[in-house]
Each structure stands twice: as C-alpha cells, then as structure tokens.
Amino acid sequence: MAFAEYLDQLEAEAIHIMLEVAGQFERPALLFSGGKDSICLVHLALKAFRPAKFPFPLVHIDTGHNFPEALNFRDQLVSQIDEKLIVRKVEDTIKKRKLTDSSGKFPSRNALQTYTLLDTIDEFEFDVCIGGARRDEEKARAKERIFSVRDDFGQWNPKKQRPEIWDIYNGRINKGENVRAFPISNWTELDIWHYIEREKIELPEIYFTHQRKVVKTDSDQLMAYSDYLNLDIHDQIFSKQVRYRTVGDMTCTAAVESEAFTVSDIIKEIKITKISERGATRMDDRISEAAMEDRKKNGYF
C-alpha cells in the first residue's frame, strides 16, 4: 500500500467514526484544546460534515495554565470555522467544589480538570465526548477501544471493554453512562504530522522551533518559564531554542531542544527519536508506571 493510500485509509476510518458518533448519540461533544491532535479532529469534522454545521459543540476544559499560543489559536480557529465553543474553567471548579489546588514547583492541574470535565458532561448532558487520544501516546491509551464506555461516575474499567469487530462500534449505554470516542486512536504521532503536511493544516507556532525562557528540572527537562511556577532562588531561567511535541499545561509539559522550523523538519526529527511523545514531555506521566491509567479510571480524557 502506498503511503498516500495509508493516510487516506486513516482519514476514512476517522470520518467513519465521527459519522457513527453523530448517528448513534443524542448529545455529542468534541473535546478541543488547541493542540495538534484536536486541530486534526476539527479538520476531519469539516470533511465529515461540511457544508452543514457540526452536530456537536467544541468543548475546552481550561486549566488556567495553558500556553497562550494555544489559546489564541483556539479562538482564531473557532472564529474562522464559525462553530460553537464551550469553555469551562478548572479555576471555577476549584472554588465551587472547594478543591485544593496543586502545589510544588510545577503545579499541574491535570488531575483537577477531571472534575471540570465530569461537571461539564453533567451540565450539558453529553452522552459522548470525542477526543484526540492515540494508542501510541501511552500504555493506558493502548488499552482503550474506539468507543470507550465510562460508568455513571465517569470512571473507566479497562477490563470491561467491548469488542469492535469489522469496524462495528456499539454506542449503547445505560442512563448516566458516557462514552469517549477516539477517531484517531489508530494514528501515530508520525501519521499526524504526515497528515498535517499533506492537508496543509495550520498549527500554533509553539510546535515549531523558537526561542523561549525555560527552567531545567531535576530530571533535566526544560519547562517553560511562567508565573504559574513556584521557583526558588536556586532555579536558573535561561533562553533556549525549543519546540513542543505536545501541548498541555505549561506546568507539566516540557519542551525539547530542536531545530525543526517546518513540518518536514519535524517529521525527520520524529523518525529518529527513540522516546515517545508523552514520555519525553509530560511530567505527570512520570509519577508512576500507572499514572495515566489511574487518572483515566477516575474520569480523565
């Protein structure tokens, strides 16, 4: 199979999944962060549903620790495609639920955003949320099916996965249950970048090499300097030529040193790297071997 045909196959599968979501569920939503994977989902949705409007809103769970480039691009894209965007803030959830905000030098809100997501699902009665997770990102991601059922507490049980034979997806749920649907689950990071190159998809500049003020962690990761960090007098702030392979919180997403100024440069870089996207850049996935799985069992994306 030629590589162009391979990308066509991935695209067709993703569009088929989106159409299945639209056909099987009453109140779908597309989780949108302004990152490359969710931007690709929006591009695929445009192919699936235009010239009609999307049969779902875009939903962003805003941690308050986002990269400004991602937020600016989010708003720019939503305005360009003229679709509905729902934003719910973790900061509001912390106040409402009287939660304890994260502490430490790099205070991630990844765990807290689960509360905001589940509250948002309840508020709008969403029965399915489309997400941009890929199986190559992390071991727990690989355990999920395309349609991943969550119970009435929003929890995921990896031992209760439904079979998905011959691309048949079962969206039947009981009252209170919810499904996460992953149209690009079978894509890899490299597939995403080849697709971005082919489709000429615009992205935030944060994905390309640029000068940025960073702080080095004890494990030699380069974290973006921001007001969200709780630094001490021994921490050194310096400028480095970096880019980001993934865009999460500024407090838990590390940069990589790079000279990749174009999509073609990034593809060449990924082909020779030996570290996974999240393994190289997400501090919260290094807490334990089961860090992601534990968060997913509690309702995480």
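Residues numbered from 1 in each chain as written. Predicted model: local features only at pLDDT ≥ 70, side-chain atom pairs only at ≥ 80, totals over all residues. Heavy atoms only, no water.

A. Broad picture of the nonpolar core. Among the nonpolar cores identified, the biggest contains 59 residues, and Leu30, Phe147 and Trp193 are the most heavily contacted of them. Ranked by residues supplied to this core, first place goes to helix 2 (residues 36–49) with eight residues. For this core, the two domains that each supply at least three residues are domain 1 (4–190 + 290–297) and domain 2 (204–285). Discounting chain neighbours no more than four positions away, the residues touching phenylalanine 147 are Ile17, Glu20, Val21, Gln24, Phe25, Glu164, Tyr169, Asn170, Gly171, Val179, Arg180 and Ala181. Residues Leu31, Val90, Ile94 and Cys129 belong to the second largest nonpolar core, which totals 13 residues. (Core = buried A, V, L, I, M, F, W, Y, C linked by side-chain atoms within 4.5 Å. Buried < 20%, exposed > 50% of the residue type's maximum accessible area, 1.4 Å probe, protein only. Helix = DSSP H or I, 4+ residues; strand = E, 2+ residues; numbered from the N terminus. Domains from an automatic or database assignment. Contact = heavy atoms within 4.5 Å.)

B. Just the domain arrangement of the protein chain, in detail. Domain annotation of the protein chain identifies domain 1 (4–190 + 290–297) and domain 2 (204–285). For domain 1 and domain 2, the distance between their C-alpha centres works out to 23 Å. Counting from both sides, the interface comprises 30 residues of domain 1 and, opposite them, 33 residues of domain 2. When domain 1 packs against domain 2, close to 2600 Å² is buried across both sides, 56% of that on carbon and sulfur atoms. Broken down residue by residue, the surface that domain 1 buries against domain 2 is led by Phe67, Lys105 and Phe106, which jointly contribute 29%. For the pair domain 1 and domain 2, the number of links is four salt bridges. At the junction of domain 1 with domain 2, the criterion picks out 13 residue pairs in polar contact (both at pLDDT 80 or more). Within the residue set of the side of domain 1 that touches domain 2, elements represented by two or more residues are helix 2, helix 3 (68–81), helix 6 (189–199) and helix 9 (291–297). (Buried area = accessible area lost by both parts, 1.4 Å probe. Salt bridge = Lys/Arg side-chain N within 4 Å of Asp/Glu carboxyl O. Polar contact = N/O pair within 3.5 Å; in protein donor to acceptor, adjacent residues only side chain to side chain.)

C. Region of interest: the environment of isoleucine 17. Within the fold, isoleucine 17 resides in helix 1 (residues 3–24). Owing to a relative accessible area of 0%, isoleucine 17 belongs among the buried residues under this scheme. For the pair isoleucine 17 and threonine 188, spaced 171 residues apart in sequence, the C-alpha separation works out to 17 Å. With residues near it in sequence (within four places) discarded, isoleucine 17 still touches Ile146, Phe147, Tyr169, Phe182 and Pro183.

D. How the structure looks around the sheet that holds strand 5 (residues 147–150). Taken in spatial order, the six strands make up an open sheet running 3-2-1-4-6-5, and their pairing is mixed. The strands lining the two open edges of the sheet, one partner per strand, are strand 3 (85–89) and strand 5. Between one strand axis and the next, the sheet turns through 30° on average, direction left out of account. Packing of helix 5 (residues 113–124) onto the sheet brings it into contact with strand 1 (28–31), strand 2 (58–62), strand 3, strand 4 (128–130) and strand 6 (178–181), and relative to strand 3 it is tilted by some 135°. (Pairing = 2+ DSSP bridges. Axes fitted to C-alpha atoms, helices over the stretch in contact; angles between N-to-C directions.)

E. Structural context of the pattern of salt bridges. The full count for this structure, using the stated rule, is 23 salt bridges. A salt bridge links arginine 97 to aspartate 119; its shortest N-O distance comes to 2.7 Å. Linking arginine 97 in helix 4 (residues 90–97) with aspartate 119 in helix 5, this pair joins segments that are 22 residues apart in sequence. Accessibility expressed as a relative area gives 38% for arginine 97, which makes it partly exposed. Connected through shared salt-bridge partners, Asp8, Glu11, Lys47, Arg198 and Glu199 make up one network.

F. Inspection of a nonpolar patch on the surface at higher detail. A cluster of nonpolar residues, Ile165, Trp166 and Ile168, forms a patch on the protein surface that exposes about 420 Å² of accessible area. Tracing the sequence through the fold places tryptophan 166 in the loop between strand 5 and strand 6. Under the relative-accessibility criterion, tryptophan 166 is labelled exposed at 77%. (Patch = residues over 30% accessible without salt bridge, like charges linked within 9 Å, V, L, I, M, F, W, Y side chains within 5 Å. Areas by Shrake-Rupley, 256 points an atom, 1.4 Å probe, with all protein chains shown as cover.)

G. Region of the structure containing helix 4. Every buried residue of helix 4 is listed here: Val90, Thr93 and Ile94. Angular distribution of buried residues about the axis of helix 4 spans 105°; they occupy a single face of the element. Structural note: helix 4 exposes Lys95 and Lys96 on the side pointing more than 90 degrees away from its buried face. Buried-residue contacts for helix 4 involve strand 2, strand 3 and helix 5. (Arc of directions from axis to C-beta.)

H. Geometry of the state of the cysteines. Counted by the stated rule, this structure contains zero disulfides. A disulfide-free cysteine, cysteine 40 has its sulfur positioned 19 Å from the sulfur of cysteine 129, the nearest such atom. By relative accessible area, cysteine 40 is classed as buried at 0%. (Disulfide = S-S within 2.5 Å.)

I. Main features of the pairing of strand 9 (residues 237–243). Across six bridges, strand 7 (residues 210–216) lies against strand 9 in antiparallel orientation. Its bridge partner lying in strand 9, valine 214 is registered against phenylalanine 238. The pairing of strand 9 with strand 10 (residues 254–257) spans two bridges and is antiparallel. Counterpart to valine 242 in the pairing with strand 10 is glutamate 257.

J. Focus on helix 1. The terminal C-alpha atoms of helix 1, which comprises 22 residues, lie 32 Å apart, in line with the 32 Å expected from a rise of 1.5 Å per residue. Every buried residue of helix 1 is accounted for by Leu7, Leu10, Glu11, Glu13, Ala14, Ile15, Ile17, Met18 and Val21. As for helix 1, its buried residues are in contact with strand 1, helix 2, strand 4, strand 5, strand 6 and helix 6. (Expected span 1.5 Å × (residues − 1).)

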